[in-house]
There are 2 protein chains.
Amino acid sequence: MKFFEDIAVGEKAVFGRHTFAAEEIKAFAAQFDPQPFHLDEAAAARSHFGALCASGWHTVMLWMRLAMLYRRAEDDALRVRGEPVAQLGPSPGFRDLKWHEPVYVGDTITFATEVVETRVSKSRPAWGLVFNVNTGANQDGTLVMSFIGSAFVERRPGG
Amino acid sequence: MKFFEDIAVGEKAVFGRHTFAAEEIKAFAAQFDPQPFHLDEAAAARSHFGALCASGWHTVMLWMRLAMLYRRAEDDALRVRGEPVAQLGPSPGFRDLKWHEPVYVGDTITFATEVVETRVSKSRPAWGLVFNVNTGANQDGTLVMSFIGSAFVERRPGG
């Protein structure tokens, strides 16, 4: 993670892509969102979705996974260059999670982020707060999921 | 699911309880939120959390799992009594997800919900929209997680 001072509004990153297979859609749903249209092709065909589709939470969790792997690779690259690595602190939460369109079997979702606000934390002056618009879009470029995330990011010592 | 017309603001339900074990905290984190303080006791001890704690998303996913199992049991009970079962439709999304306190190994979280708003959908007149405050609280009664959920619920035919 870059230090808070090095993060600017408007910065974008693409974290990665994921293609949703039927088996993982069903496995996730069985564990965390056991609804018929996420578990069974025939039940999904009879539902308002018309075909098996991923739990909306599954889409969010893949965003999270790819975001964390991206950050880890970024930290590794900083260390290779001998640069200091800032801590990514906890997230106080998020707002306005929207599932715009279903994610069907075979859809490839591209997960990305854009910084929309940065400010120094009043309660924890050694940290800044960074707000991002986080998105998933399918192979047609259609937005399927978005939310506004927030996280504490370490400030540069003495910065 | 009860029909939209039978759901009143102020209705509450407790979906269930879950005790978070170290192994499942690590397994979830490895899959969806690979950060050191969710994966490794020693790294967690050095972090701002001070000890291994669950991914905030893990807490939300357990809320979702227990909510869906509760709804399924509710539907089964309606069918046993020969009463019609309303469809629970998709959720347009959520807002104001907050992780108030960490969930540590051994914490038992009680997951609950309260209806805060109901209105007929303008875009889909056969459906109503129900808004809930959804919560998780630990064994000391401390709120650890909350968000405002929404979902489409079928209206009574001819209602």
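Residues numbered from 1 in each chain as written. Chains lettered and ligands numbered in written order. Predicted model: local features only at pLDDT ≥ 70, side-chain atom pairs only at ≥ 80, totals over all residues. Heavy atoms only, no water.

Asks: I keep staring at the overall build of chain A and nothing clicks. Help me out?
Replies: Secondary structure assignment for chain A yields 4 helices and 5 strands. Along chain A, helices (α) and strands (β) appear in the sequence β-α-α-α-α-β-β-β-β when read from the amino end. The dimensions of chain A, computed from C-alpha atoms along their principal axes, are 60 × 35 × 30 Å. Among the 159 residues that make up chain A, the fraction classed as buried is 50%. For chain A, the share of sequence-separated contacts (at least 6 apart) that also reach a separation of at least 24 residues comes to 69%. Surface exposure of chain A reaches about 7,300 Å², of which carbon and sulfur atoms provide 54%. One way to put it: in chain A the 17 positive side-chain charges average out to a point 6 Å from where the 19 negative ones average out. (Helix = DSSP H or I, 4+ residues; strand = E, 2+ residues; numbered from the N terminus. Buried < 20%, exposed > 50% of the residue type's maximum accessible area, 1.4 Å probe, protein only. Contact = heavy atoms within 4.5 Å. Areas by Shrake-Rupley, 256 points an atom, 1.4 Å probe, with all protein chains shown as cover. Lys, Arg positive; Asp, Glu negative; His and termini not counted. Charge placed at Lys NZ, Arg CZ, Asp CG, Glu CD.)

Asks: Help me understand the relation of the copies chain B and chain A, please; the structure alone is not making it clear to me.
Replies: A rotation about some axis, followed by a shift along it, carries one copy of the chain onto the other. Screw-axis analysis of chain B against chain A gives a translation of 0.0 Å along the axis, an RMSD of 0.0 Å, and a rotation angle of 180°. The superposition of one copy onto the other is thereby described by a two-fold rotation axis. The position closest to the rotation axis in chain B is occupied by the C-alpha of Arg95 of chain B, lying 2.3 Å away. Taken as a fraction of all interface residues of chain B, those also at the interface in chain A reach 100%, which identifies the copy contact as same-surface. (Least-squares fit on C-alpha atoms with pLDDT ≥ 70 in both.)

Asks: I would appreciate a short explanation of the packing of aromatic side chains in the present structure.
Replies: By convention here, two paired aromatic rings are described through the distance between centres and the angle between planes. Summed over the entire model, instances satisfying the criterion amount to 22 aromatic pairs over all chains. Between the aromatic rings of Trp57 of chain B and Trp99 of chain B, the centroid separation amounts to 5.1 Å while the plane-to-plane angle is 75°, which identifies the pairing as edge-to-face. One end of the pair, Trp57 of chain B, is in helix H4 (residues 56–80); the other, Trp99 of chain B, is in strand E2 (residues 93–99), with 42 residues separating them in the sequence. Assigned by exposure class, Trp57 of chain B and Trp99 of chain B land together as buried. Ring-pair connections join several aromatic residues into one group, and the members of that group are Phe15, Trp63, Tyr70, Phe94 and Phe147 of chain A together with Trp57 and Trp99 of chain B. A cation over a ring is seen here: Arg124 of chain A above Phe152 of chain A, with NZ or CZ 4.6 Å from the ring centre. (Phe/Tyr/Trp six-rings, centres within 6.5 Å; stacked < 30°, edge-to-face > 60°. Lys NZ or Arg CZ within 6 Å of the ring centre and 35° of its normal.)

Read these as geometric descriptors, not functional statements.
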